[in-house]
Amino acid sequence: MAETVPASEFTRHFGRYRMLAQRGAVAVSSHGRVPGYFVGPDEYEEFKRFREQRHSFATAELPEAKIEAIAKSRMDERHAHLDAILDSK
């Protein structure tokens, strides 16, 4: 869990929190809410790499061939018990 510090404390003791951020995220609060986190450069670079690898798209962007393939696909029989869970809701 990230240490939470008020923004005024963070500003007054920036050097201390800069060092703490090397070990983990520091949550900075303002008026009882946490609008952001202070993290070290390694953690930030790791986060950027994660975001670059993640890909999402709207289903409207799918090519017709993929839509047809999805429509024709069938669940492996080993997972048939999951249909009962969906049908019960």
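Everything here concerns the structure above.
Notes on the structure follow. Note that the structure is predicted; figures quoted are calculated from it, not measured.

Counted residue by residue, strand β2 (residues 26–30) has four buried out of five residues, so it is predominantly covered. Taken together, the four bridges between strand β1 (residues 3–6) and β2 define a ladder with parallel strand orientation. Across the sheet, residue Glu 3 finds its bridge partner in β2, namely Val 26. Between β2 and the antiparallel strand that follows it, strand β3 (residues 33–38), lie two residues; His 31 among them carries a positive phi value of about 55 degrees.

Another aspect to go through is the environment of Glu 43. Locating Glu 43 in the fold gives a position in helix α3 (residues 41–53). A residue is classified by how much of its surface remains accessible, and Glu 43, at 38% relative accessible area, is partly exposed. Spatially, the C-alpha atoms of Glu 43 and Val 26 are 12 Å apart, while their sequence positions differ by 17 residues.

Turning to the nonpolar core, a few remarks are in order. By size, the foremost hydrophobic cluster in this structure holds seven residues: Val 5, Phe 10, Tyr 17, Leu 20, Ala 21, Val 26 and Val 28. Counting residues per element, the ones that place at least two in this core are α2 (14–20) and β2. Those residues in contact with Val 28, other than ones at most four positions away along the chain, are Val 5, Ala 7, Phe 10, Arg 33, Val 34, Pro 35, Gly 36 and Phe 38.

Cut-off values and rules
- Residues numbered from 1 in each chain as written.
- Predicted model: local features only at pLDDT ≥ 70, side-chain atom pairs only at ≥ 80, totals over all residues.
- Heavy atoms only, no water.
- Buried < 20%, exposed > 50% of the residue type's maximum accessible area, 1.4 Å probe, protein only.
- Helix = DSSP H or I, 4+ residues; strand = E, 2+ residues; numbered from the N terminus.
- Pairing = 2+ DSSP bridges.
- Core = buried A, V, L, I, M, F, W, Y, C linked by side-chain atoms within 4.5 Å.
- Contact = heavy atoms within 4.5 Å.

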